[in-house]
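Reading the structure
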Amino acid sequence: MAVQAYILVQTEVGKAADVARAISDIEGVTMAEDVTGPYDVIVRAEGASVDELGAMVVTKVQGVPGITRTLTCPIVRI
């Protein structure tokens, strides 16, 4: 079973829509929406393992221009 997570993203002012579009093109991202509130973009992503998911966040998502901070929230099934 794939490891899934929500990634909460803060962006520079006025960059949320551009960031969401760029993130949606990353392999493993299943959804990227610009939202209002303390975070500017919410992303749902998946990977084959926690390591793969973490590597994708660090090397691809955080590399998108306009991002200032991310918070990754793994999905658990209780």
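For the structure itself, look to the data block above.
Before going into details, it helps to say that this report is about the structure given with it.

Cut-offs and rules
Residues numbered from 1 in each chain as written. Predicted model: local features only at pLDDT ≥ 70, side-chain atom pairs only at ≥ 80, totals over all residues. Heavy atoms only, no water. Core = buried A, V, L, I, M, F, W, Y, C linked by side-chain atoms within 4.5 Å. Buried < 20%, exposed > 50% of the residue type's maximum accessible area, 1.4 Å probe, protein only. Helix = DSSP H or I, 4+ residues; strand = E, 2+ residues; numbered from the N terminus. Contact = heavy atoms within 4.5 Å. Arc of directions from axis to C-beta. Salt bridge = Lys/Arg side-chain N within 4 Å of Asp/Glu carboxyl O.

In terms of nonpolar packing, the biggest core is built from 19 residues, with V9, I23, V29 and V43 touching the most fellow members. Breaking this core down by element, the ones donating at least two residues are β1 (3–11), α1 (16–24), β2 (29–34), β3 (41–47) and α2 (50–61). Residues within four places of V9 in sequence aside, it is in contact with V19, I23, Y39, D40, V41, V43, I67, R69 and T70.

Let's shift gears to α2. Within α2 the residues assigned to the buried category are L53, M56, V57 and V61. One side of α2 holds all its buried residues, which, seen down the axis, span an arc of 95°. Opposite its buried face, α2 presents the exposed residues D51, V58 and T59, each directed more than 90 degrees away. Residues of α2 that are buried make contact with β1, α1, β2, β3 and β4 (67–74).

Next up on the list: the pattern of salt bridges. Per the counting criterion, the structure on display carries one salt bridge. Close ionic contact of D18 with R21 constitutes a salt bridge, the shortest N to O distance being 2.5 Å. One end of the pair, D18, and the other, R21, are both in helix α1, three residues apart, so they sit about a helical turn from each other.

This part is about the environment of Y6. Mapped onto the secondary structure, Y6 falls in strand β1. The class of Y6 is partly exposed, set by a relative accessible area of 30%. For the pair formed by Y6 and G47, sequence separation is 41 residues and the distance between their alpha carbons is 12 Å. Excluding its chain neighbours within four sequence positions, the residues that come into contact with Y6 are M31, I42, V43, R44, L71, T72, C73 and I75.

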